[in-house]
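Here is how the chains run, residue by residue.
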Amino acid sequence: MTLIPTAANPDGRLRTHCCFCSMQCGIDLHPAGKAADALGYEAKPSPDFPVATGKLCQKGLHSITHAAHPGRILVPHRRQEESGDGGRFLPGGAFGAAGRSAGAARRRTTPGAAGPSPAWRPASWTEALDDIASRILRLQEQHGPDSVAVFGGGSLTNEVCYLLGKFARVALRTRYVDYNGRYCMSSAAAAQQRAFGIDRGLNFPLDDIPKAKYIILAGTNIAECQPTMMPYLLAAKKQGAVLVTIDPRQTLTSKIADIHITLQPGHDSLLVGGMLHVLLEENLYDAEFVSARTEGLEEVREAVRPFPPERVAALTGVAEETIRAVARGFAAAETGIVLTARGLEQQVNGVEHTLQYINLCLLAGHIGKPGSGFGSVTGQANGQGGREHGLKADQLPGYRSIEDPGAREHVARVWGIDPAELPGKGVSAYELFGKILDGGIKAMIILGSNPVVSSPNNARVAEALGKLELLVVVDLFETETAAYADWLLPGTSFLEAEGTLTNLEGRVFHRPQAFAPAGDSLPDYRFLCALAERLGRGRYFRYTSVSDVFDELCRASAGGIADYSGMSYSRLKEAQGLFWPCPAAGEEEAAKPAGQPEERRAGGASETAGGGAAAEGGGGHCAGPAAEGEGSHCAGPAAEGGGSHCAGPAAEGEGSHCAGSAFGDKARLRAGAAAEAANGNGLEAAIGAEPGAVPAAAALRGGGHPGTPRLFAGGVFPRAGGRARLHGITPRPPAESADPDYPYLLTTGRLAGHYLSGAQTRRTEALAKKAPEPVAELHPALAEQLRLRQGERVRLTTRRGSLELTARLAPGIHPKTVFVPFHWGGELAVNRLTNDALHPISRMPEFKICAVRMERVEPVNDPEVPETEQLEKIQ
Ligand SMILES: Nc1nc2c(c(=O)[nH]1)N[C@H]1C(S)=C(S)[C@@H](COP(=O)(O)OP(=O)(O)OC[C@H]3O[C@@H](n4cnc5c(=O)[nH]c(N)nc54)[C@H](O)[C@@H]3O)O[C@H]1N2
Ligand SMILES: Nc1nc2c(c(=O)[nH]1)N[C@H]1C(S)=C(S)[C@@H](COP(=O)(O)OP(=O)(O)OC[C@H]3O[C@@H](n4cnc5c(=O)[nH]c(N)nc54)[C@H](O)[C@@H]3O)O[C@H]1N2
Ligand code: SF4
Ligand SMILES: [Mo]
């Protein structure tokens, strides 16, 4: 497959960013380089983007390969009506016996396959949009607007995430929208919001890491998951930092640690409770900072009282001396950083574990200054931006609550609708599938996720999707999820769609389009706008370009927690990214918080945006179709020509959605902001960027807020009273503990060469051949108990299902724990086994812990193959 470049530099180089992890390394594509890929380009690290340290990891180097895969979906595909059961497959069929029945041929999701399976018939966009819209309208007429749901993903650009949320609320008028970030950052988000009043993955720029003297990495395997962050850690070590890793496994990350704590999954709150006990008992905490800048110390004291380190040592198996040494070392260090990730967050106690690590950071006073801070390492490409602009069930753009009347009013005004029209909050990602099983949700649109592979207890998800009356999947490939779809629509790859993303630091940057959309594939935002037209809501979705969507997003975010209103495409391009919050010029005062975060979001927010819109002259995107000329505003595919797909708008009335723009009373706003500023609890103070932390001098040229690389300068937090909140955490057991029937713990995670559900990396030969299938890592002592040898097959059984895998002996893993990566589907999906228990607040599933039984299957070792080759094969 070939792609046509659109915006090459004079030397033929194309600029892009890796599509995989949250580092978002800049990539230069060099034509016909030495290692030219299927597209005829070689990916090299971009010298321009300040994040990656002149390196790309193996995924980045091969990131363009899947975009040229012969299995790419290039035109809309409709489920063949004649496929027996209406084209949908039996519940659980993807995994069980039915998976091998006649249906299997139609449901091929083989990564190497040359194109969509015979289950499908190619169709035009017109047919697709007409059919989908009419079925949605029919279902909504029969069952109400909430019978249709939207499921998004954190790989999508800010513009698409924003539009998906708007599409759900304005075009579908459904409350049911959520996204795969629920499986990813939701516990960290809940914890950071509670403790700090703001959820930005890292509170500091990556450049701060080398300045840290003590770094604790808990449940984060950076060497495999954000490999280009390793040089920052190595630089810190070089300058004398002590590095501690806390993980049930020895990982590539723990290799560079000074201290590694092998912790049984689920014990983080307990372990860190022991450390906090030491800090308090020995008076090592930063009393001045804690009394001036935090609240809740007594709660912490009470909660950790019963957990002296000797008791914690007995309960966790971690040496008492290690607990004391880390506590003392971290407290005594001049600067310190704690990073957490999914290891401890993807648990029914994930919010509490995170809060406990935040307690540690706060008690040590390591926050808000260079080389210090807390961070939860964001996962997906746009895992940060994706959780800020309304793709969450309870959220409106700018990280606002959908239940906050002021936020509703503000966003409704930007969208040109009556606030009363905005639906209320829906349910979380996994719970959406429950709503399908209950019969409430009848149709679903999925963009940028493969939940049949990536959801816990995934047989239930497959069963739910099998029950839908309409499933639309927009993807590059016929994924395991698409196997249940009625329509599979061709999305564009990261190379073909312009947009902005927000990396793990909170740095918003612009990703240019490098190639024209492959085949008839359509950038996601254009698909959404085209469908909105068909649904009769086109007037709210007319944009001349994707930057138009961004401008609206900025206005909608103005005054919110994640304030992008001071950004524009031109500023982002010039500065190589800006860190949020970045309020619009002249709006900075207005962004200051009132006493309560809710009040701030409500009051400050809605009115600020009015001002923003005024400054911009009422939003160029909604000048109305007449001014725009046929189809120019409209997302219809070029192939259709003439805007035939957007016939609707004339009847809808022009530009009504921005006519009102009852712009806020600026004078009143200023007065309010000034009063708030006088309280001294302003967001500006909280986020005040010091000059040294400004990302690029260019950001300042021509005015404009410089962005906020480091949060909480001066120890001021955007909460009531400006203080951070400490939380007393009582350690609690996971949803499933080991018991006589299931005597071990299964934990799941990632490998360096694969990405999430594997939809892209399993289709990338160079990556897939290194890890063609999942392998169960277990301790040699446990293997001996099970009479298992390296390379033999082991059966893992949990309360939900059973899976056979090759065993790999890993001396570094906790002896009662087995680790399996989750990058495969069908019979190889570890999510057949995982527990779908959810955290009561964040609704995060417990991917990281479930009770498991293991037994040896039959030896598969070929006696001819020497042991070393076996090792290589499975690494
Ligand atoms: N190569 C690669 N990189 C990726 C991804 C990928 O799929 N592949 N995905 C991206 C995404 S979306 C995300 S969210 C991130 C995830 O990045 P990480 O969270 O770093 O990745 P995981 O492998 O899920 O989990 C990290 C570690 O947690 C450990 N762990 C398990 N249980 C516990 C526990 O109870 N306590 C502690 N302290 N540790 C525990 C695991 O052994 C594992 O080493 O990576 C991003 N980067
Ligand atoms: N057992 C277990 N399960 C887990 C986890 C775990 O640690 N253990 N981690 C969880 C985490 S942290 C995450 S983030 C989830 C993620 O899991 P998923 O949500 O399944 O994520 P992906 O595999 O990235 O799926 C993205 C899909 O979108 C497609 N795609 C890529 N770019 C675009 C685009 O621009 N437009 C469109 N329309 N489609 C696109 C890809 O081809 C792919 O099929 O998995 C979760 N599941
Ligand atoms: S996967 Fe992450 S670290 Fe690797 S090149 Fe891509 S963005 Fe960079
Ligand atoms: Mo994630």
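Quick look at the structure, then. Just so it is clear, the structure is predicted and the values come from calculations on it, not from any experiment.

What follows concerns the packing of aromatic side chains. Counting across every chain of the model gives 16 aromatic pairs. Their ring planes at 45° and their centres at 6.1 Å tell us that Trp125 and Phe527 sit as a pair that is tilted. One end of the pair, Trp125, is in helix α3 (residues 125-143); the other, Phe527, is in helix α19 (residues 524-534), and 402 residues separate them in sequence. Per residue, the accessibility class of Trp125 equals that of Phe527, and both read buried. Consider the rings of Phe550 and Tyr564, whose centres lie 6.5 Å apart with planes at 50°: the pair is tilted. Of this pair, Phe550 sits in helix α20 (residues 546-557) while Tyr564 sits in the loop between α20 and α21 (569-575); the two residues are 14 residues apart in sequence, bridging distant segments of the chain. Clustering of aromatic rings is evident, with ring pairs tying together Phe196, Phe374, Phe712 and Phe717. Over the ring of Trp120 we find Arg79; its NZ or CZ atom is 4.2 Å from the centre of that ring. Across the ring face of Phe49, the terminal group of Arg507 is positioned such that the distance to the ring centre comes to 5.9 Å.

Given a rise of 1.5 Å per residue, 19 residues ought to cover 27 Å, and the 26 Å separating the end C-alpha atoms of α3 matches this to within 8%. Taken together, the buried positions of α3 are occupied by Trp125, Ala128, Leu129, Asp131, Ile132, Ala133, Arg135, Ile136, Leu139 and Gln140. Residue Gly144 follows α3 closely and has a positive phi angle near 90°.

Moving on: the pairing of strand β19 (residues 499-502). Alternating positions in β19 separate into two faces, Gly499 and Leu501 on one and Thr500 and Thr502 on the other, with burial throughout. Bridge count for β19 against strand β20 (residues 507-511) is four bridges, and the pairing is antiparallel. Bridging across to β20, Leu501 finds its partner in Phe509. In textbook terms, the turn of a hairpin is the stretch between consecutive antiparallel strands, and for β19 and β20 this stretch comprises four residues, one of which, Gly506, has a positive phi near 90°.

Let us look at the pattern of salt bridges. Two side chains of opposite charge can pair, provided their charged atoms sit close to one another. The full count for this structure, using the stated rule, is 44 salt bridges. The closest approach of N and O atoms between Glu552 and Lys166, which form a salt bridge, is 2.9 Å. With Glu552 in helix α20 and Lys166 in helix α4 (residues 158-172), the pair connects residues that are 386 residues apart, well separated along the chain. No difference in accessibility class separates Glu552 from Lys166, as the two residues are buried. One salt bridge connects Arg537 with Glu421, and the closest N-O pair in it is separated by 3.1 Å. With Arg537 in the loop between α19 and α20 and Glu421 in the loop between α15 (405-415) and α16 (429-437), this residue pair connects regions lying 116 residues apart in the sequence. Given a relative accessible area of 6%, Arg537 falls into the buried group.

With that out of the way, let us pick up the site of ligand 2. By nearness alone, 28 residues border ligand 2, and Asn180, Ser449, Asp475, Asp524 and Ser757 come closest of all. The contact in question runs from an oxygen atom of ligand 2 to an N or O atom on the side chain of Asn180, over 2.6 Å. In this structure, a nitrogen atom belonging to ligand 2 sits 2.9 Å away from a side-chain N or O atom of Thr748. Expressed as a share of its isolated accessible area of 920 Å², the protein-covered part of ligand 2 is 97%. Here the residues of the shell around ligand 2 are counted per class, giving ten nonpolar, 14 polar and four charged. Taken domain by domain, the shell around ligand 2 gets at least three of its residues from each of domain 2 (77-81 + 118-180 + 405-579) and domain 4 (744-856).

Turning to unusual backbone geometry, a few remarks are in order. One can expect most non-glycine residues to show negative phi and most peptide bonds to be in trans. Cis geometry marks the peptide bond from Trp580 to Pro581, where omega comes out at -5°. Inspection of the secondary structure puts Pro581 in the loop between β21 (578-579) and α22 (597-615). A positive phi is found at Gln24, a non-glycine position, where the angle reads about 60°. Within the secondary structure layout, Gln24 lies in the loop between β1 (14-17) and β2 (26-31). Exposure remark for Gln24: the relative accessible area of 1% places this residue in the buried category. In this structure, Arg843 is a non-glycine residue whose phi angle is positive, near 65°. By secondary structure assignment, the location of Arg843 is in the loop between β28 (835-838) and β29 (845-846).

Reading the values: the criteria
Residues numbered from 1 in each chain as written. Chains lettered and ligands numbered in written order. Predicted model: local features only at pLDDT ≥ 70, side-chain atom pairs only at ≥ 80, totals over all residues. Heavy atoms only, no water. Phe/Tyr/Trp six-rings, centres within 6.5 Å; stacked < 30°, edge-to-face > 60°. Helix = DSSP H or I, 4+ residues; strand = E, 2+ residues; numbered from the N terminus. Buried < 20%, exposed > 50% of the residue type's maximum accessible area, 1.4 Å probe, protein only. Lys NZ or Arg CZ within 6 Å of the ring centre and 35° of its normal. Expected span 1.5 Å × (residues − 1). Pairing = 2+ DSSP bridges. Salt bridge = Lys/Arg side-chain N within 4 Å of Asp/Glu carboxyl O. Near = heavy atom within 4 Å. Polar contact = N/O pair within 3.5 Å; in protein donor to acceptor, adjacent residues only side chain to side chain. Areas by Shrake-Rupley, 256 points an atom, 1.4 Å probe, with all protein chains shown as cover. Nonpolar A, V, L, I, M, F, W, Y, C, P; charged D, E, K, R; others polar. Domains from an automatic or database assignment.

Any functional reading would require information beyond the geometric quantities listed.
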